[in-house]
Each structure stands twice: as C-alpha cells, then as structure tokens.
Amino acid sequence: MNNSSLSMIFLLLAVAGLVFGIGVVAISRRKARAVPQIQRAVPVKAVAPVATTDVLAAAATAAEVVVAEEVAPLSVRDRLAKARSSLSGAVGSVLGRSDINDATWLELEEALLRADVGVRVAQSLLGALQTRVKAKEITTPAQLIDALRINMSSQLVGTNRDLNFEANVDGPNIWLMVGVNGAGKTTSLGKIAAQQIALGRTVLMAAGDTFRAAAGEQLSTWAERSGAQIVRGAEGGDPSSVIFDGVQSAHSRNIDLVLADTAGRLQSNTNLMEELRKVRRVAEKGAGKVTEVLLVIDATTGQNGLQQARQFTDATQVTGVVLTKLDGSAKGGIVFAIETELGIPVKLVGLGETIDSLIVFNPTEFVDALFG
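Heads up: these notes are all about the structure in this document.

Quick notes on the rules
Residues numbered from 1 in each chain as written. Predicted model: local features only at pLDDT ≥ 70, side-chain atom pairs only at ≥ 80, totals over all residues. Heavy atoms only, no water. Helix = DSSP H or I, 4+ residues; strand = E, 2+ residues; numbered from the N terminus. Expected span 1.5 Å × (residues − 1). Buried < 20%, exposed > 50% of the residue type's maximum accessible area, 1.4 Å probe, protein only. Arc of directions from axis to C-beta. Axes fitted to C-alpha atoms, helices over the stretch in contact; angles between N-to-C directions. Parallel < 35°, antiparallel > 145°, perpendicular 65-115°, else oblique. Left-handed = near helix turned anticlockwise from the far one by under 90°. Contact = heavy atoms within 4.5 Å. Nonpolar A, V, L, I, M, F, W, Y, C, P; charged D, E, K, R; others polar. Pairing = 2+ DSSP bridges. 1 Å grid on protein atoms, 1.4 Å probe; cavity = no way out; pocket = protein on both sides within 12 Å on 5 of 7 lines; lining within 4 Å. Points joined across faces, edges and corners; volume = space filled by probe spheres on them. Core = buried A, V, L, I, M, F, W, Y, C linked by side-chain atoms within 4.5 Å.

**A short note on helix α9 (residues 215-226)**
Argument step 1. In this model, α9 (12 residues) spans 17 Å end to end at C-alpha, consistent with the 16 Å of a helix rising 1.5 Å per residue.
Argument step 2. All buried positions along α9 are accounted for by Ala 215, Gly 216, Leu 219, Ser 220, Trp 222, Ala 223 and Ser 226. Looking down the long axis of α9, one finds its buried residues gathered within 165° of arc, a one-sided arrangement. Looking at α9, the residues exposed on the side facing more than 90 degrees away from the buried face are Glu 224 and Arg 225.
Argument step 3. Among the residues trailing α9, Gly 227 stands out with phi positive, at a value near 90°.

**Structural notes on the packing of helix α7 (residues 141-154) against helix α14 (residues 363-371)**
Argument step 1. For the pair α7 and α14, the least separation of the axes is 9 Å and the interaxial angle reads 150°. Here α7 is positioned roughly antiparallel relative to α14, judged by the angle of their axes. Regarding α7 and α14, the two cross each other, and that crossing is right-handed. Contact with α7, carried on its side by Ile 145, Leu 148, Arg 149, Met 152 and Ser 153, involves Thr 364, Val 367, Asp 368, Leu 370 and Phe 371 of α14 and no other residues of that element.
Argument step 2. Here the residues of the contact of α7 with α14 are counted per class, giving six nonpolar, two polar and two charged.

**Some thoughts on unusual backbone geometry**
Argument step 1. You will see that Asn 254, though not glycine, has its phi angle at about 60°, which is positive.
Argument step 2. Among the secondary structure elements, Asn 254 is positioned in the loop between α10 (239-252) and β4 (257-261).
Argument step 3. Phi is positive for Gln 317, which is not a glycine, with a value near 60°.
Argument step 4. Among the structural elements, Gln 317 can be located in the loop between α12 (303-316) and β6 (320-324).

**Some details on the sheet that holds strand β7 (residues 346-350)**
Argument step 1. Pairing is mixed across the open sheet formed by eight strands, whose spatial order is β3-β2-β4-β1-β5-β6-β7-β8. With one partner strand each, in any of the chains shown, β3 (229-231) and β8 (358-360) form the two edges of the open sheet. Ignoring which end each strand starts from, the neighbouring axes of this sheet average 25° apart.
Argument step 2. Here strand β1 (residues 173-178) runs beside β4; their pairing, made up of five bridges, is parallel. Paired with Leu 176 across the strands is Ala 260, a residue of β4.
Argument step 3. Contacts from helix α8 (residues 185-198) reach β1, β2 (203-207), β4, β5 (289-298), β6, β7 and β8 within the one sheet, and its direction differs from that of β4 by about 170°.
Argument step 4. Sitting on the sheet, α12 touches β1 and β5, and the angle it makes with β5 is about 160°.

**Considerations on the layout of surface pockets**
Argument step 1. Its boundaries defined by the atoms lining it, the largest pocket holds a volume of some 200 Å³.
Argument step 2. As for the largest pocket, its lining consists of Ala 183, Gly 184, Thr 187, Ser 188, Lys 191, Thr 324, Lys 325, Asp 327, Gly 350, Gly 352, Glu 353 and Leu 358.
Argument step 3. Sort the elements by how many residues they give to the lining of the largest pocket and α8 lands first, with three residues.
Argument step 4. The residue makeup of the lining of the largest pocket, split by class, is two nonpolar, six polar and four charged.
Argument step 5. Around the second largest pocket sit 13 residues that line it, and Leu 163, Gln 196, Leu 199, Leu 348 and Val 360 are the ones nearest its centre.
Argument step 6. Taken together, the elements giving at least two residues each to the lining of the second largest pocket come down to α8, β7 and β8.
Argument step 7. Looking at the lining of the second largest pocket, the element that brings in the most residues is α8, giving three residues.

**Describing the nonpolar core**
Argument step 1. In terms of nonpolar packing, the biggest core is built from 71 residues, with Leu 144, Met 152, Leu 323, Phe 336, Phe 366 and Phe 371 touching the most fellow members.
Argument step 2. A total of six residues in this core trace back to one element, the largest contributor, which is helix α6 (residues 119-134).
Argument step 3. Each residue touching Leu 144, except ones within four places of it in the same chain, is listed here: Val 94, Ile 100, Thr 104, Trp 105, Leu 108, Leu 129, Val 133 and Ile 138.
Argument step 4. By size, the runner-up hydrophobic cluster in this structure holds 20 residues, among which are Trp 175, Ala 183, Val 203 and Met 205.

Function-wise, these values are silent; they only describe arrangement.
In structure tokens, the structure reads:
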C-alpha cells in the first residue's frame, strides 16, 4: 500500500470520528434540554394554589380565635375568685347537709369572718337569719343560703355611688385622693383621670405627694398617658401649696376638674392627718370646690382598712372609698364593714392593672360573685 492510500484511509477515519463526535454532542444537548423541561414541569404540577390558600386562611382564622381568646375580658366573677374562696367552702358544706343545725351557723360565721366582714356585721347577718329559722320561715339549707345572699345585697344596695361633679361651681371641681402609701392612690388617680377625660371633661393633676420619692414622676407618666395637665412642686415641698397652685392654674385655663394627689406617710400618723386637714382647707381657699374626697384602701389589708377609713374620715371628711386590689384579696368583706359601720360608700373597685379595671362598684354583682 503506497503512501497516498494510507493518507486517504487516515483522512476517512478522521472524518468519521468527527461526524460521530458531532452526533454525540448533538444527542447530549437534546437530552440536556429535555431534562430541565421535565424539572420545570414537576414543580408546576406539585403546586396547589387553592390548597395553600385554604391552609393559610385556616391558620389566619385559628390565629384570630387565639387572639380573641387572649384579649377577652374577665368577668367580675372570674376576677373575684380569691374573695369567693372565703365563702364557697362553707356554702358548699351547708348545702350538703339535709338540715340546719349548730354546725351550719358555726361554719357560716367562720366564713364571714375569714372574708373580713367584721364581727358586728357577721352577727347582724346571722342573727336575723336565726330568727327566721326559729319562726320556720326558713327550713332548708338552700333557703338559708339564698336568704343570706339577699341580706348581704340589701345591706349595700340603694347607695349613691356616682362620683360627685357639680357643673355650676365657680371654678374647677376638686377631687382629693387620700390614703396610705402602697394602697394604689396615685395609680387610681391616673385611671380616674383617663376615665373623666373619656367623658369629655378637662383634667389637671396636682402632684401633692411631695414626700414620696418619684411620686411626681409617676403622676407625670399618668398625665402623659391620659392627656391631662399637671402641676408639680419641688420634692419635699409644701403639699398644700402645690394643690393650691394647681387649682389656680386650672381656674385660669377653664379646666373642669383637679385631681389632687396627697401624702400617704409622714413622720407619724398625727402629722399626716394634720397635713391632710391643711390640704383640705387650702384647696378651697381659692377658686373651685372640693366635691369629692376619695379614700383609697388596699383590699388585702382587711380590717386594717376599716381603721384607716376612720382616721382619714376624721381628718378630711371622706365622701367615698376606692377599694383597690380586690381581685387579689380573700378579704372582700371589708366592703360591708366600711359601708355599714362608717356609712361611707364604696364607689370604685380595682380588679386589675389596666385603666378599665377600675370600675363602679356594683353590690349585687359583687355579692353574686362571692357566692359563685
């Protein structure tokens, strides 16, 4: 075989190899293009927009239900669980008996005293019921419990619990807030301010508790939150002067209501009561009129609150009581002692931390909650 023949064979082999290579590349490219098309198609088929929307809608609905459950306000009955605990055991025990006997009266008396209604009130309530049992007017434990509930309600109903605002006063109405430190006096003042502003009245706060560190700052925070004006004095300054300046400032600005915070502790109770007498006198020296003196009492103090009421009433002519922390107390019976022994109406009760948790006292609702 000559050289020319060999060259021709190599040339043919080279051409064949080139053609084969081009074919392989072409086939590979077609396969490569086909694979992405399949991969793109799979996700499209796998996606189910309607199902996803349904799931999201269901999740959103569930979330709304959860939120609604979380923000649902507690009822008065729910918030008075601790107060109810003082009576519920005795009530259940009495109803579990077939008749009324000595053990019945003993259990009811102990329960009333644990609830802090006071000895005098407890004896008055049970004495009237014992008379009716002897007269055969009450013959079953169920009738006895119903009668006790009615008697307790009747001791509290019929009292005017409105906050006194006189529209024809020449100057602002002045509401003094009095009470010992820690009772919730400043916080109650802030909540009342927010509620009065919501009623359309203009409010100025007078920071008269100049002896308690940070009291002015606390009241300023409440003023900012509620939209009230505020007048403050120097720490340790004369409380009467601060309140007088507040009244004058309110009068010059045509403000409807001055809410005056006062000291809750001095060197002694005697000094405190004298200071509060002075505050009361000075508050009415200028324009305006004191139309409410609200004594703030911590419900958890029980019978100590009754003693506080006596002292503050002597000094400041208390017109109503704000009973705070009632939701955290098993001694809600102090309401009966204050109203029956001192004749001072409980006007507001605190059942929580929020502004709307300071509510008008409803005696029927309160007694019903105590009995469950």
